Amino acid sequence: MMKRLHLIATLLMAFTTAMHAGDWMKNLPDNIYISQLSIPGTHDSGTGNGVALAAFSQCQDIPVSQQWAAGIRAFDLRPKVKGSYININHGIAATKLRFDDALFLIRDSLAAHPSEFAVVHYHYDTDFDKDKDKYLPMLKSLLERDDMKDFLVPFRRDLTLGDVRGKMLLISRQGYADPPYAGGCIGGWTSSLDWERQKEGWIIGMDHDYNSYTPLYMQDYYNFADNPAGFKEKTDAINQLLDWSYAHITTNPGDVVWVMNFTSAYPGGIPSANGYRKVASYTNGTVINFFESRPPGPTGVIFMDYCVDWSNGYHTRGQELIDTLIANNYKCFPTTNNNTSNSITTNKVNSLRHVIGIYSLQGNKLPEPQRGAVNIMKYSDGTVEKVFVGRQ
(Lines give C-alpha, C1' and ligand atoms only; values in the text may rest on other atoms or scores of the structure.)
Protein backbone atom coordinates (compact mmCIF):
# COMPACT_ATOMS: atom_id res chain seq x y z
CA MET A 1 0.00 0.00 0.00
CA MET A 2 2.79 2.44 0.89
CA LYS A 3 4.54 1.78 -2.43
CA ARG A 4 1.28 2.42 -4.27
CA LEU A 5 0.69 5.69 -2.41
CA HIS A 6 4.26 6.77 -3.19
CA LEU A 7 3.71 6.06 -6.90
CA ILE A 8 0.46 8.06 -6.91
CA ALA A 9 2.21 10.98 -5.17
CA THR A 10 5.06 10.86 -7.67
CA LEU A 11 2.65 10.85 -10.60
CA LEU A 12 0.85 13.85 -9.12
CA MET A 13 4.21 15.62 -8.84
CA ALA A 14 4.85 14.89 -12.51
CA PHE A 15 1.46 16.37 -13.39
CA THR A 16 2.23 19.51 -11.36
CA THR A 17 5.56 19.97 -13.14
CA ALA A 18 3.85 19.58 -16.52
CA MET A 19 1.35 22.29 -15.54
CA HIS A 20 4.21 24.76 -14.98
CA ALA A 21 5.26 24.29 -18.61
CA GLY A 22 1.98 25.92 -19.64
CA ASP A 23 3.26 29.29 -18.38
CA TRP A 24 7.02 29.02 -18.73
CA MET A 25 7.37 32.49 -20.32
CA LYS A 26 5.53 34.21 -17.50
CA ASN A 27 8.51 35.57 -15.58
CA LEU A 28 10.69 36.51 -18.54
CA PRO A 29 11.12 40.28 -19.13
CA ASP A 30 8.76 41.95 -21.59
CA ASN A 31 11.56 43.83 -23.35
CA ILE A 32 13.37 40.78 -24.77
CA TYR A 33 13.44 40.70 -28.57
CA ILE A 34 11.86 37.49 -29.84
CA SER A 35 15.12 36.66 -31.62
CA GLN A 36 16.88 36.56 -28.23
CA LEU A 37 14.79 33.67 -26.94
CA SER A 38 15.49 29.93 -27.05
CA ILE A 39 12.21 28.49 -28.30
CA PRO A 40 11.50 24.75 -28.32
CA GLY A 41 9.61 23.65 -31.43
CA THR A 42 8.47 20.48 -33.19
CA HIS A 43 9.06 19.46 -36.81
CA ASP A 44 5.95 18.17 -38.61
CA SER A 45 3.99 18.77 -35.44
CA GLY A 46 0.70 17.45 -36.84
CA THR A 47 1.97 13.90 -37.24
CA GLY A 48 1.60 13.46 -33.48
CA ASN A 49 -2.19 13.49 -33.94
CA GLY A 50 -1.99 10.41 -36.17
CA VAL A 51 -0.83 10.17 -39.77
CA ALA A 52 -1.24 7.89 -42.78
CA LEU A 53 1.77 5.76 -43.67
CA ALA A 54 3.01 6.28 -40.12
CA ALA A 55 5.94 3.90 -40.55
CA PHE A 56 7.35 6.36 -43.09
CA SER A 57 5.94 9.75 -42.11
CA GLN A 58 5.54 9.99 -38.33
CA CYS A 59 7.80 12.52 -36.59
CA GLN A 60 6.00 13.00 -33.26
CA ASP A 61 4.44 10.62 -30.72
CA ILE A 62 2.15 13.06 -28.91
CA PRO A 63 -0.58 15.37 -30.27
CA VAL A 64 -0.22 19.13 -30.59
CA SER A 65 -2.16 19.69 -27.35
CA GLN A 66 0.36 17.62 -25.39
CA GLN A 67 3.25 19.26 -27.21
CA TRP A 68 1.97 22.60 -25.91
CA ALA A 69 1.64 21.19 -22.39
CA ALA A 70 5.23 19.89 -22.59
CA GLY A 71 6.50 23.42 -23.31
CA ILE A 72 6.62 23.51 -27.12
CA ARG A 73 6.03 27.04 -28.44
CA ALA A 74 6.91 26.69 -32.14
CA PHE A 75 4.89 24.43 -34.42
CA ASP A 76 5.81 23.28 -37.93
CA LEU A 77 2.57 22.67 -39.86
CA ARG A 78 2.21 21.52 -43.48
CA PRO A 79 -1.19 22.61 -44.89
CA LYS A 80 -2.78 20.73 -47.80
CA VAL A 81 -6.21 21.23 -49.39
CA LYS A 82 -8.44 18.23 -48.75
CA GLY A 83 -11.87 18.64 -50.27
CA SER A 84 -13.57 21.64 -48.67
CA TYR A 85 -10.95 22.33 -45.98
CA ILE A 86 -7.23 22.59 -45.32
CA ASN A 87 -5.73 19.53 -43.71
CA ILE A 88 -2.23 19.05 -42.29
CA ASN A 89 -0.01 16.63 -44.19
CA HIS A 90 3.54 15.36 -44.09
CA GLY A 91 4.27 15.24 -47.80
CA ILE A 92 1.62 13.03 -49.37
CA ALA A 93 0.63 11.51 -46.01
CA ALA A 94 -2.47 13.08 -44.45
CA THR A 95 -2.56 13.57 -40.68
CA LYS A 96 -5.73 13.38 -38.60
CA LEU A 97 -5.52 17.07 -37.79
CA ARG A 98 -7.06 19.91 -39.76
CA PHE A 99 -5.12 23.14 -40.16
CA ASP A 100 -7.91 25.25 -38.67
CA ASP A 101 -8.28 22.93 -35.68
CA ALA A 102 -4.53 23.19 -35.02
CA LEU A 103 -4.72 27.00 -35.03
CA PHE A 104 -7.85 26.94 -32.85
CA LEU A 105 -6.07 24.70 -30.34
CA ILE A 106 -3.08 27.06 -30.19
CA ARG A 107 -5.45 30.05 -29.95
CA ASP A 108 -7.32 28.48 -27.03
CA SER A 109 -4.03 27.56 -25.31
CA LEU A 110 -2.95 31.20 -25.60
CA ALA A 111 -6.27 32.40 -24.21
CA ALA A 112 -5.77 30.12 -21.21
CA HIS A 113 -2.09 31.10 -20.85
CA PRO A 114 -1.82 34.77 -21.89
CA SER A 115 1.80 35.04 -20.73
CA GLU A 116 2.85 32.80 -23.65
CA PHE A 117 3.14 33.21 -27.41
CA ALA A 118 3.54 30.74 -30.27
CA VAL A 119 5.37 30.66 -33.59
CA VAL A 120 3.62 28.77 -36.41
CA HIS A 121 5.98 27.95 -39.27
CA TYR A 122 3.85 26.63 -42.13
CA HIS A 123 4.74 25.33 -45.57
CA TYR A 124 2.49 23.95 -48.29
CA ASP A 125 4.48 20.77 -48.82
CA THR A 126 3.28 19.45 -52.19
CA ASP A 127 1.45 20.80 -55.25
CA PHE A 128 1.32 24.44 -54.14
CA ASP A 129 1.03 25.76 -57.70
CA LYS A 130 -1.69 23.22 -58.47
CA ASP A 131 -3.72 23.90 -55.30
CA LYS A 132 -3.10 27.57 -54.61
CA ASP A 133 -6.31 28.79 -56.27
CA LYS A 134 -8.26 26.77 -53.67
CA TYR A 135 -5.80 27.11 -50.81
CA LEU A 136 -5.37 30.89 -50.71
CA PRO A 137 -9.09 31.82 -50.39
CA MET A 138 -9.48 29.17 -47.65
CA LEU A 139 -6.41 30.49 -45.84
CA LYS A 140 -7.56 34.10 -46.08
CA SER A 141 -11.03 33.23 -44.79
CA LEU A 142 -9.55 31.34 -41.82
CA LEU A 143 -7.10 34.05 -40.79
CA GLU A 144 -9.72 36.82 -41.08
CA ARG A 145 -12.25 35.12 -38.80
CA ASP A 146 -13.43 37.33 -35.95
CA ASP A 147 -12.43 34.68 -33.41
CA MET A 148 -8.95 34.33 -34.93
CA LYS A 149 -7.65 37.66 -36.19
CA ASP A 150 -7.17 39.21 -32.75
CA PHE A 151 -4.77 36.39 -31.84
CA LEU A 152 -2.47 37.06 -34.82
CA VAL A 153 0.42 39.51 -34.77
CA PRO A 154 2.15 41.03 -37.82
CA PHE A 155 5.83 40.17 -38.13
CA ARG A 156 8.28 42.96 -37.31
CA ARG A 157 11.98 42.74 -36.53
CA ASP A 158 11.53 44.79 -33.36
CA LEU A 159 8.89 42.51 -31.80
CA THR A 160 9.45 41.95 -28.10
CA LEU A 161 7.99 39.32 -25.81
CA GLY A 162 5.68 41.98 -24.38
CA ASP A 163 4.32 42.67 -27.89
CA VAL A 164 3.38 39.06 -28.56
CA ARG A 165 2.13 37.65 -25.28
CA GLY A 166 -1.17 35.89 -25.89
CA LYS A 167 -0.60 35.93 -29.67
CA MET A 168 0.62 33.64 -32.40
CA LEU A 169 3.10 34.66 -35.07
CA LEU A 170 2.41 32.92 -38.38
CA ILE A 171 5.40 32.63 -40.71
CA SER A 172 4.85 31.04 -44.12
CA ARG A 173 7.70 29.49 -46.09
CA GLN A 174 5.82 30.47 -49.25
CA GLY A 175 5.52 34.09 -50.35
CA TYR A 176 1.87 33.54 -51.23
CA ALA A 177 0.66 37.18 -51.19
CA ASP A 178 1.99 40.73 -50.86
CA PRO A 179 1.33 41.63 -48.15
CA PRO A 180 0.73 38.26 -46.44
CA TYR A 181 -2.66 37.76 -44.81
CA ALA A 182 -1.05 37.52 -41.36
CA GLY A 183 2.38 37.34 -39.76
CA GLY A 184 5.11 37.18 -42.38
CA CYS A 185 6.74 35.14 -45.14
CA ILE A 186 10.18 33.56 -45.50
CA GLY A 187 12.44 34.00 -48.50
CA GLY A 188 15.72 32.38 -49.47
CA TRP A 189 15.06 29.06 -47.70
CA THR A 190 17.73 26.40 -48.09
CA SER A 191 18.45 22.86 -46.92
CA SER A 192 22.09 23.19 -47.92
CA LEU A 193 25.03 22.50 -45.64
CA ASP A 194 26.79 25.52 -47.11
CA TRP A 195 27.20 28.08 -44.32
CA GLU A 196 27.01 31.07 -46.65
CA ARG A 197 23.70 29.85 -48.09
CA GLN A 198 22.31 29.31 -44.61
CA LYS A 199 22.81 33.03 -43.93
CA GLU A 200 20.90 34.25 -47.00
CA GLY A 201 17.33 33.90 -45.73
CA TRP A 202 14.93 36.60 -44.67
CA ILE A 203 11.50 37.15 -43.15
CA ILE A 204 9.25 39.95 -44.39
CA GLY A 205 6.08 41.14 -42.68
CA MET A 206 2.89 42.92 -43.69
CA ASP A 207 4.20 46.50 -43.85
CA HIS A 208 6.65 47.86 -46.41
CA ASP A 209 9.09 49.46 -44.01
CA TYR A 210 12.47 48.77 -42.44
CA ASN A 211 11.10 46.98 -39.39
CA SER A 212 9.09 44.55 -41.53
CA TYR A 213 12.25 42.85 -42.75
CA THR A 214 14.87 40.83 -40.90
CA PRO A 215 17.64 38.41 -41.88
CA LEU A 216 17.01 34.71 -41.21
CA TYR A 217 19.76 32.15 -40.60
CA MET A 218 18.59 28.57 -41.01
CA GLN A 219 19.82 24.98 -40.82
CA ASP A 220 17.54 22.30 -42.30
CA TYR A 221 19.80 19.55 -43.67
CA TYR A 222 17.13 16.86 -43.64
CA ASN A 223 18.26 13.93 -45.84
CA PHE A 224 21.58 12.16 -45.42
CA ALA A 225 20.90 10.00 -48.54
CA ASP A 226 22.93 7.11 -47.06
CA ASN A 227 25.91 9.41 -46.63
CA PRO A 228 28.22 7.69 -44.08
CA ALA A 229 29.29 11.11 -42.85
CA GLY A 230 25.69 12.35 -42.63
CA PHE A 231 25.30 12.19 -38.86
CA LYS A 232 28.50 14.13 -38.28
CA GLU A 233 27.64 16.67 -40.98
CA LYS A 234 24.21 17.20 -39.43
CA THR A 235 25.48 17.59 -35.86
CA ASP A 236 28.31 19.85 -37.05
CA ALA A 237 25.75 22.03 -38.87
CA ILE A 238 23.56 22.25 -35.77
CA ASN A 239 26.55 23.26 -33.65
CA GLN A 240 27.78 25.78 -36.21
CA LEU A 241 24.50 27.69 -36.11
CA LEU A 242 24.33 27.38 -32.33
CA ASP A 243 27.84 28.82 -32.09
CA TRP A 244 26.83 31.79 -34.21
CA SER A 245 23.55 32.40 -32.37
CA TYR A 246 25.24 32.16 -28.97
CA ALA A 247 27.86 34.73 -29.95
CA HIS A 248 25.50 37.17 -31.65
CA ILE A 249 24.72 40.24 -29.54
CA THR A 250 21.42 42.08 -30.00
CA THR A 251 21.17 45.54 -28.46
CA ASN A 252 18.70 47.23 -30.84
CA PRO A 253 16.36 46.28 -33.72
CA GLY A 254 19.15 46.74 -36.26
CA ASP A 255 20.99 43.77 -34.69
CA VAL A 256 18.03 41.39 -34.89
CA VAL A 257 18.61 38.15 -36.80
CA TRP A 258 16.13 35.28 -36.59
CA VAL A 259 17.47 31.72 -36.30
CA MET A 260 15.69 28.45 -37.16
CA ASN A 261 17.75 25.35 -36.39
CA PHE A 262 16.23 21.96 -37.28
CA THR A 263 17.49 18.87 -35.43
CA SER A 264 15.16 16.78 -37.62
CA ALA A 265 16.40 14.61 -40.50
CA TYR A 266 16.32 11.05 -41.83
CA PRO A 267 19.35 8.94 -42.68
CA GLY A 268 18.47 7.33 -46.02
CA GLY A 269 16.90 7.84 -49.41
CA ILE A 270 13.46 6.81 -48.13
CA PRO A 271 12.17 8.50 -44.97
CA SER A 272 10.95 6.36 -42.09
CA ALA A 273 9.65 6.98 -38.60
CA ASN A 274 12.49 4.97 -37.10
CA GLY A 275 14.94 6.87 -39.27
CA TYR A 276 13.64 10.13 -37.80
CA ARG A 277 13.89 8.55 -34.34
CA LYS A 278 17.45 7.40 -34.92
CA VAL A 279 18.56 10.85 -36.01
CA ALA A 280 16.71 12.49 -33.10
CA SER A 281 18.56 10.21 -30.67
CA TYR A 282 21.78 11.91 -31.88
CA THR A 283 20.74 15.44 -32.72
CA ASN A 284 18.49 16.34 -29.79
CA GLY A 285 21.35 15.33 -27.52
CA THR A 286 23.71 17.46 -29.61
CA VAL A 287 21.84 20.60 -28.52
CA ILE A 288 21.63 19.45 -24.89
CA ASN A 289 25.36 18.73 -24.83
CA PHE A 290 26.12 22.11 -26.40
CA PHE A 291 24.95 23.82 -23.20
CA GLU A 292 27.16 21.80 -20.87
CA SER A 293 30.44 23.61 -21.57
CA ARG A 294 29.19 27.11 -22.36
CA PRO A 295 27.65 30.07 -20.58
CA PRO A 296 24.01 30.80 -21.49
CA GLY A 297 23.15 32.35 -24.83
CA PRO A 298 20.22 32.48 -27.30
CA THR A 299 19.54 29.64 -29.73
CA GLY A 300 16.57 30.93 -31.71
CA VAL A 301 13.90 28.38 -32.63
CA ILE A 302 14.92 24.71 -32.36
CA PHE A 303 12.62 22.39 -34.35
CA MET A 304 12.95 18.79 -33.17
CA ASP A 305 11.54 15.37 -33.98
CA TYR A 306 10.05 13.29 -31.16
CA CYS A 307 9.70 15.77 -28.31
CA VAL A 308 9.57 12.89 -25.82
CA ASP A 309 12.51 11.26 -24.07
CA TRP A 310 11.86 7.75 -25.40
CA SER A 311 10.16 6.69 -28.63
CA ASN A 312 9.86 3.11 -29.79
CA GLY A 313 13.06 2.15 -27.98
CA TYR A 314 15.07 5.20 -29.14
CA HIS A 315 16.36 7.60 -26.48
CA THR A 316 15.28 10.77 -28.30
CA ARG A 317 15.65 13.06 -25.23
CA GLY A 318 12.98 15.43 -26.56
CA GLN A 319 11.47 16.49 -23.23
CA GLU A 320 14.95 16.92 -21.83
CA LEU A 321 15.75 19.23 -24.75
CA ILE A 322 12.58 21.25 -24.14
CA ASP A 323 13.47 21.67 -20.47
CA THR A 324 17.05 22.60 -21.33
CA LEU A 325 15.92 25.34 -23.73
CA ILE A 326 13.43 26.73 -21.23
CA ALA A 327 16.12 26.76 -18.54
CA ASN A 328 18.50 28.56 -20.89
CA ASN A 329 16.08 31.49 -21.17
CA TYR A 330 16.07 31.95 -17.42
CA LYS A 331 19.85 31.76 -17.30
CA CYS A 332 20.06 34.46 -19.99
CA PHE A 333 17.49 36.82 -18.52
CA PRO A 334 16.70 37.59 -14.88
CA THR A 335 13.22 36.84 -13.65
CA THR A 336 10.83 39.78 -13.41
CA ASN A 337 8.80 38.29 -10.55
CA ASN A 338 10.16 37.12 -7.20
CA ASN A 339 6.86 35.47 -6.23
CA THR A 340 7.98 32.17 -4.70
CA SER A 341 4.60 30.58 -5.41
CA ASN A 342 5.62 30.34 -9.05
CA SER A 343 8.41 27.78 -9.13
CA ILE A 344 8.98 27.66 -12.88
CA THR A 345 12.44 29.26 -12.59
CA THR A 346 13.81 26.83 -10.04
CA ASN A 347 12.11 23.89 -11.73
CA LYS A 348 13.63 24.63 -15.10
CA VAL A 349 17.02 26.11 -14.26
CA ASN A 350 18.15 23.97 -11.38
CA SER A 351 16.63 20.68 -12.48
CA LEU A 352 17.28 19.81 -16.14
CA ARG A 353 15.12 16.74 -16.66
CA HIS A 354 16.62 13.47 -17.86
CA VAL A 355 16.00 9.76 -17.39
CA ILE A 356 17.75 8.26 -14.35
CA GLY A 357 15.89 4.95 -14.08
CA ILE A 358 13.74 2.54 -16.08
CA TYR A 359 11.30 0.18 -14.34
CA SER A 360 8.71 -2.43 -15.22
CA LEU A 361 5.11 -1.96 -14.11
CA GLN A 362 5.92 -4.43 -11.31
CA GLY A 363 8.59 -2.04 -10.02
CA ASN A 364 11.64 -4.01 -11.14
CA LYS A 365 14.57 -1.89 -12.34
CA LEU A 366 15.50 -2.56 -15.97
CA PRO A 367 18.85 -2.07 -17.76
CA GLU A 368 16.97 -0.85 -20.85
CA PRO A 369 13.33 -0.36 -21.91
CA GLN A 370 11.24 -3.48 -22.48
CA ARG A 371 9.97 -3.56 -26.06
CA GLY A 372 6.28 -4.13 -26.67
CA ALA A 373 5.47 -3.06 -23.12
CA VAL A 374 4.71 -0.08 -20.92
CA ASN A 375 7.80 1.04 -19.00
CA ILE A 376 8.02 3.46 -16.09
CA MET A 377 10.62 6.19 -16.65
CA LYS A 378 11.98 8.02 -13.62
CA TYR A 379 13.46 11.49 -14.21
CA SER A 380 16.07 13.57 -12.45
CA ASP A 381 13.43 16.04 -11.23
CA GLY A 382 11.63 13.27 -9.32
CA THR A 383 8.81 12.80 -11.82
CA VAL A 384 7.84 9.54 -13.50
CA GLU A 385 6.01 8.72 -16.72
CA LYS A 386 4.54 5.60 -18.23
CA VAL A 387 5.98 5.14 -21.73
CA PHE A 388 4.98 2.46 -24.25
CA VAL A 389 7.99 1.14 -26.19
CA GLY A 390 7.17 -0.55 -29.50
CA ARG A 391 8.65 -3.81 -30.73
CA GLN A 392 10.45 -2.38 -33.79
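Residues numbered from 1 in each chain as written. Predicted model: local features only at pLDDT ≥ 70, side-chain atom pairs only at ≥ 80, totals over all residues. Heavy atoms only, no water.

*Asks:* Please set out the overall build of the protein residue by residue, giving values where relevant.
*Replies:* From N to C terminus, the protein includes 11 helices and 15 strands. The 392 residues of the protein split such that 55% are buried. Contacts spanning at least 24 positions in sequence make up 68% of the contacts within the protein whose residues lie at least 6 apart. Counting every atom, the protein has about 16400 Å² of accessible surface; 53% of that belongs to carbon and sulfur. (Helix = DSSP H or I, 4+ residues; strand = E, 2+ residues; numbered from the N terminus. Buried < 20%, exposed > 50% of the residue type's maximum accessible area, 1.4 Å probe, protein only. Contact = heavy atoms within 4.5 Å. Areas by Shrake-Rupley, 256 points an atom, 1.4 Å probe, with all protein chains shown as cover.)

*Asks:* Tell me what's going on with the sheet that holds strand β4 (residues 85-90), and back it up with residues and numbers.
*Replies:* Taking strand neighbours across the sheet as the criterion, the three strands line up as β3-β4-β5 in an open arrangement whose pairing is antiparallel. Both outer strands of the open sheet, β3 (79-82) and β5 (93-98), are each paired with one neighbouring strand and no more. The mean inter-strand angle of the sheet, taken between neighbouring strand axes irrespective of direction, is 50°. Alignment of β4 against β5, held across three bridges, turns out to be antiparallel. Bridging from a neighbouring strand, N87 pairs with R98 of β5. Packing against the sheet, helix α5 (residues 128-143) makes contact with β3 and β4, and its axis sits at approximately 105° to β3. (Pairing = 2+ DSSP bridges. Axes fitted to C-alpha atoms, helices over the stretch in contact; angles between N-to-C directions.)

*Asks:* Describe helix α4 (residues 99-112), naming the residues involved and giving the relevant values.
*Replies:* Spanning 14 residues, α4 covers 20 Å between terminal C-alpha atoms, matching the ideal 20 Å at 1.5 Å per step. For α4, the set of buried residues is F99, D100, A102, L103, F104, I106, R107, S109 and L110. (Expected span 1.5 Å × (residues − 1).)

*Asks:* Break down the nonpolar core for me, citing the residues and quoting the values.
*Replies:* Counting 80 residues, the largest nonpolar core has L103, Y122, M168, W258 and M260 as the members making the most contacts within it. If we skip the residues at most four places from it in the chain, W258 touches I34, S35, V119, F155, L169, I171, I203, T214, P215, L216, Y217 and V301. One finds I358, L366, M377 and V387 within the second-largest nonpolar core, a separate group that totals six residues. (Core = buried A, V, L, I, M, F, W, Y, C linked by side-chain atoms within 4.5 Å.)

*Asks:* Account for the environment of C307, with residues named and values stated.
*Replies:* Within the element layout of this structure, C307 appears in the loop between β12 (300-304) and α10 (318-332). Apart from the residues lying within four places of it in its own chain, the contact partners of C307 are T42, Q60, I62, Q67, I72, G318, Q319 and I322.

*Asks:* Account for α5, naming residues and giving values.
*Replies:* A rise of 1.5 Å per residue sets the reference length of α5, with its 16 residues, at 22 Å; its end C-alpha atoms lie only 18 Å apart and thus fall more than 12% short of the reference. Within the span of α5, buried status applies to F128, D131, Y135, L136, L139, L142 and L143. Tucked into the core, α5 has its buried residues touching β3, β4, α4, β6 (118-122) and β7 (168-172).

*Asks:* Hey, could you go over the environment of Q36 for me, with residue numbers and the actual values?
*Replies:* Topologically, Q36 is positioned in the loop between α1 (2-20) and β1 (38-42). What makes Q36 buried here is its relative accessible area of 15%. Excluding residues within four positions of it along the chain, Q36 makes contact with T250, P298 and F333. Within polar-contact distance, the side chain of Q36 engages the backbone oxygen of T250 at 3.4 Å. (Polar contact = N/O pair within 3.5 Å; in protein donor to acceptor, adjacent residues only side chain to side chain.)

*Asks:* Give me the lowdown on the sheet that holds β6, citing residues and values where you can.
*Replies:* Either a parallel or an antiparallel arrangement is found when strands of a sheet pair, and the pairing is made through backbone hydrogen bonds. One closed barrel accounts for nine strands, arranged β1-β2-β6-β7-β8-β9-β10-β11-β12; its pairing is mixed. Pairwise comparison of adjacent strand axes, ignoring direction, gives a mean angle of 25° for this sheet. One ladder, built from five bridges, connects β1 with β12; its direction is parallel. Across the sheet, S38 pairs through a bridge with G300, a residue of β12. Sheet strands in contact with helix α8 (residues 230-247) are β10 (213-219), β11 (258-262) and β12, and its direction is about 160° off that of β11.

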